[in-house]
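A structural walkthrough
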Amino acid sequence: MNWWEVLIQQTINGLTRGAVFALIALGYTMVYGIIELINFAHGDVFMLGLFISLAWFTLLGVTKTLTGWQLVTLLPLVFLLTMLTTAILNVAIDRVAYRPLRRSRRLAPLITAIGVSFMLENVALLWKGPAPIAYPDVFPSVDILREWFGTDSNIFITTKDVFVVAVAIPLLLALTYFVNRTRWGKAMRATAQDRETAATMGINVERTIVLTFFVGGALAGAAGLIQGMYYNIGQWWMGYQAGLRAFTAAVLGGIGNMPGAALGGLAIGFLSAWSDQYISARWTNAIVFSILILVLVFRPQGLMGARTVDKV
């Protein structure tokens, strides 16, 4: 491959990775914007999203590539069921683990979040075992340049790449519209700015927090399903690394800032892919987390965050 073909290929890989990181990072940034909690269990909700989607596919008898009407009916159904399940799970985590500590010092909820993360990982370990699990290749993978356009190229753009972007972008746009244009979204923004004042203005703060966890959990579930369909493999510890990279993306963009989280996710995706290719996959984590440290030291509000207020 020519150098420019390698660059384009890794950029495509980075885009697909970044789209998943962006969906996870939005869950981090929404929760932090509302209650100033770094929910370290969020990456494991993403991991369970993959496992839960696999369970729904199994219940529906899907074991091979979907085609025709099955593709346009069963796939959206599993998306909906997975997002609903992880959304309810995320709300349950808040109600059981975080709500009793709402007025505690910040260290207690943070340690609780780490404990919930370990608990979810062990639930997945007991559920699926320590070995990697095979995820069915339910979405048709077609080499677009070769099979559709008859182009002999070293660049691989598949229908799965298009699928990832085609799902992630509408979800990001829908979330943006929801937060900026709907009554519930306005309540979320008001609660993020000042919970006490929002309560005095008649906003049900606890209901708004529940909604935030619900939406964040749904996005994590969608990301988990996309991850499984794209890579066709899952592991019980995968939420740890993906969660840390998504958290880095949220900090890079500006924790509490939704557009910043999305852009940070894409940036971390591109950086990871380019590092794997041009440096070494063994150094990628070191590079990503070095960026996290540098951002926290020199610009703790992130690239798009404000110094005085947190935004959602």
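Residues numbered from 1 in each chain as written. Predicted model: local features only at pLDDT ≥ 70, side-chain atom pairs only at ≥ 80, totals over all residues. Heavy atoms only, no water.

1. Thoughts on the packing of helix H6 (residues 159-181) against helix H7 (residues 183-193)
- In contact at an axis separation of 5 Å, H6 and H7 are set at 75° when each is read in the N-to-C sense. Accordingly, the angle class assigned to the pair H6 and H7 is roughly perpendicular. Facing H6, whose interface residues are Phe178, Val179, Asn180 and Arg181, H7 presents Arg183, Trp184, Gly185, Lys186, Met188 and Arg189.
- Grouping the constituent residues of the contact of H6 with H7 by class yields four nonpolar, two polar and four charged. (Axes fitted to C-alpha atoms, helices over the stretch in contact; angles between N-to-C directions. Helix = DSSP H or I, 4+ residues; strand = E, 2+ residues; numbered from the N terminus. Parallel < 35°, antiparallel > 145°, perpendicular 65-115°, else oblique. Contact = heavy atoms within 4.5 Å. Nonpolar A, V, L, I, M, F, W, Y, C, P; charged D, E, K, R; others polar.)

2. Concerning the side chain of histidine 42
- Within the element layout of this structure, histidine 42 appears in helix H2 (residues 42-59).
- Apart from the residues within four sequence positions on either side, histidine 42 is in contact with Ile24, Gly27, Tyr28, Asn90, Gly216, Gly217 and Ala220.

3. Some remarks on the packing of aromatic side chains
- Scanning the entire structure with this criterion turns up ten aromatic pairs.
- Centre to centre, the rings of phenylalanine 57 and tyrosine 135 are 6.1 Å apart; their planes meet at 90°, and the pair counts as edge-to-face. With phenylalanine 57 in helix H2 and tyrosine 135 in the loop between strand S1 (133-134) and helix H5 (144-148), this residue pair connects regions lying 78 residues apart in the sequence. By the burial criterion, phenylalanine 57 is buried, and tyrosine 135 matches it.
- Joined through ring pairs, the aromatic side chains of Tyr28, Phe40 and Phe247 make up one cluster. (Phe/Tyr/Trp six-rings, centres within 6.5 Å; stacked < 30°, edge-to-face > 60°. Buried < 20%, exposed > 50% of the residue type's maximum accessible area, 1.4 Å probe, protein only.)

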